[in-house]
Amino acid sequence: RPHALLDVTNYTDVTEWVKSLPRGCKRTLKKADAQNFTVTTRPILGNKPAPHSSLAHFKCVAEHEVRVIAQQEPEIFFDALAEAVSRYLGTTRMTGEIREYRDADTGKILAFAHEVRKGRTVRGQWFYATDEASKRYVWFHSVKSLVER
């Protein structure tokens, strides 16, 4: 999948960045801020099990990869599942942190963002548990949070 770089060096704060965006993007960010979810930051430390070493987090990655990859070509379901295992294991072995998004009412995992930092550069990966969760604007909320930090 394509990667993107977001250069925010010319902005002094997130408000300035948001003001520079087209109107549609601003509306989407407002929708993201209005979602009913909680966000918990959990560090991944080299000497401890990853905080997302759970079946629920693995299912989140597996459902995400199968939905994204196999939806395009159903005959490659097992390839998508293999990719999910690889990406999940990778996220548990890289130091950094996850930002865990849970539904505020049910406590269920909606998604998580895996962030790895080197200097002022952050590499992010996002995984959505379900189709419904993918419509909760987590990615937009996460990107805005990255710009804030």
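See the structure above.
Notes on the structure follow. (Residues numbered from 1 in each chain as written. Predicted model: local features only at pLDDT ≥ 70, side-chain atom pairs only at ≥ 80, totals over all residues. Heavy atoms only, no water.)

## Observations concerning the overall build of the protein
Then, number 1: Within the protein one finds five helices and four strands.
Then, number 2: Going from the N terminus to the C terminus, the protein shows its helices and strands as α-α-β-α-α-β-β-β-α.
Then, number 3: Its C-alpha atoms give the protein a radius of gyration of 16 Å, near enough to 15 Å, the size a compact globule of 149 residues would have.
Then, number 4: When its C-alpha atoms are laid out on the principal axes, the protein stretches across 45 × 35 × 35 Å.
Then, number 5: Of all 149 residues assigned to the protein, the portion counted as buried reaches 37%.
Then, number 6: Considering only contacts within the protein whose residues lie at least 6 apart along the sequence, 60% involve residues at least 24 apart.
Then, number 7: When the 24 basic and 18 acidic side-chain charges of the protein are each reduced to a single mean position, those positions are 5 Å apart. (Helix = DSSP H or I, 4+ residues; strand = E, 2+ residues; numbered from the N terminus. Rg over C-alpha atoms; globule rule 2.2 N^0.38 Å. Buried < 20%, exposed > 50% of the residue type's maximum accessible area, 1.4 Å probe, protein only. Contact = heavy atoms within 4.5 Å. Lys, Arg positive; Asp, Glu negative; His and termini not counted. Charge placed at Lys NZ, Arg CZ, Asp CG, Glu CD.)

## Some remarks on the pattern of salt bridges
Then, number 1: Using the criterion set out here, one finds ten salt bridges in the structure.
Then, number 2: For the salt bridge of Glu 100 with Arg 102, the shortest nitrogen-to-oxygen distance reads 3.0 Å.
Then, number 3: Taking relative accessible area as the criterion, Glu 100 reaches 2% and is therefore assigned buried.
Then, number 4: Within the structure, one salt-bridge network assembled from shared partners comprises Glu 97, Arg 99, Glu 115 and Arg 149. (Salt bridge = Lys/Arg side-chain N within 4 Å of Asp/Glu carboxyl O.)

## Here's the deal with the packing of aromatic side chains
Then, number 1: Across all of its chains, the model carries seven aromatic pairs by this definition.
Then, number 2: Where Phe 58 meets Tyr 88, the ring centres are 5.3 Å apart and the plane angle is 80°; that geometry is what we call edge-to-face. Separated by 30 residues along the polypeptide, Phe 58 in helix α3 (residues 55-70) and Tyr 88 in helix α4 (residues 77-93) bring together distant segments of the chain.
Then, number 3: On the accessibility criterion, Phe 58 (23% relative accessible area) is partly exposed.
Then, number 4: Cluster of aromatic residues (ring-pair linked, three or more members): Trp 126, Tyr 137, Trp 139 and Phe 140. (Phe/Tyr/Trp six-rings, centres within 6.5 Å; stacked < 30°, edge-to-face > 60°.)

## Some remarks on α3
Then, number 1: Its 16 residues place the ends of α3 21 Å apart at the C-alpha level, agreeing with the 22 Å of an ideal helix rising 1.5 Å per residue.
Then, number 2: Listing the buried residues of α3 in full gives His 57, Cys 60, Val 61, Ala 62, His 64, Glu 65, Val 66, Arg 67, Ile 69 and Ala 70.
Then, number 3: Of the surrounding elements, those touching the buried residues of α3 are α4, β2 (96-103), β3 (109-118) and β4 (121-128). (Expected span 1.5 Å × (residues − 1).)

## Observations regarding the environment of Arg 23
Then, number 1: For Arg 23, the position within the fold is in helix α2 (residues 23-33).
Then, number 2: Measuring from C-alpha to C-alpha, the distance between Arg 23 and Thr 12 comes to 20 Å, with eleven residues separating the pair along the chain.

## Considering the packing of α2 against helix α5 (residues 138-148)
Then, number 1: Where α2 meets α5, the axes come as close as 8 Å, and the angle between the chain directions of the two elements is 100°. When the axes of α2 and α5 are compared, the pair comes out roughly perpendicular. Together, Thr 28, Leu 29, Ala 32 and Asp 33 of α2 and Phe 140, His 141 and Lys 144 of α5 make up the contact between the two elements. (Axes fitted to C-alpha atoms, helices over the stretch in contact; angles between N-to-C directions. Parallel < 35°, antiparallel > 145°, perpendicular 65-115°, else oblique.)

## Re the nonpolar core
The nonpolar side chains of soluble globular proteins are, as a tendency, buried together.
Then, number 1: Counting residues in hydrophobic clusters, the biggest one holds 16 residues, and the most contacted among them are Trp 17, Tyr 101, Leu 110, Ala 111 and Val 138.
Then, number 2: Secondary structure elements with two or more residues in this core: α1 (14-19), β3, β4 and α5.
Then, number 3: Not counting the four nearest positions on each side in its chain, Trp 17 is found in contact with Leu 6, Val 8, Tyr 11, Leu 29, Val 143, Lys 144 and Val 147.
Then, number 4: Ala 50, Ala 62, Ala 84 and Ile 109 belong to the second largest nonpolar core, which has twelve residues in total. (Core = buried A, V, L, I, M, F, W, Y, C linked by side-chain atoms within 4.5 Å.)

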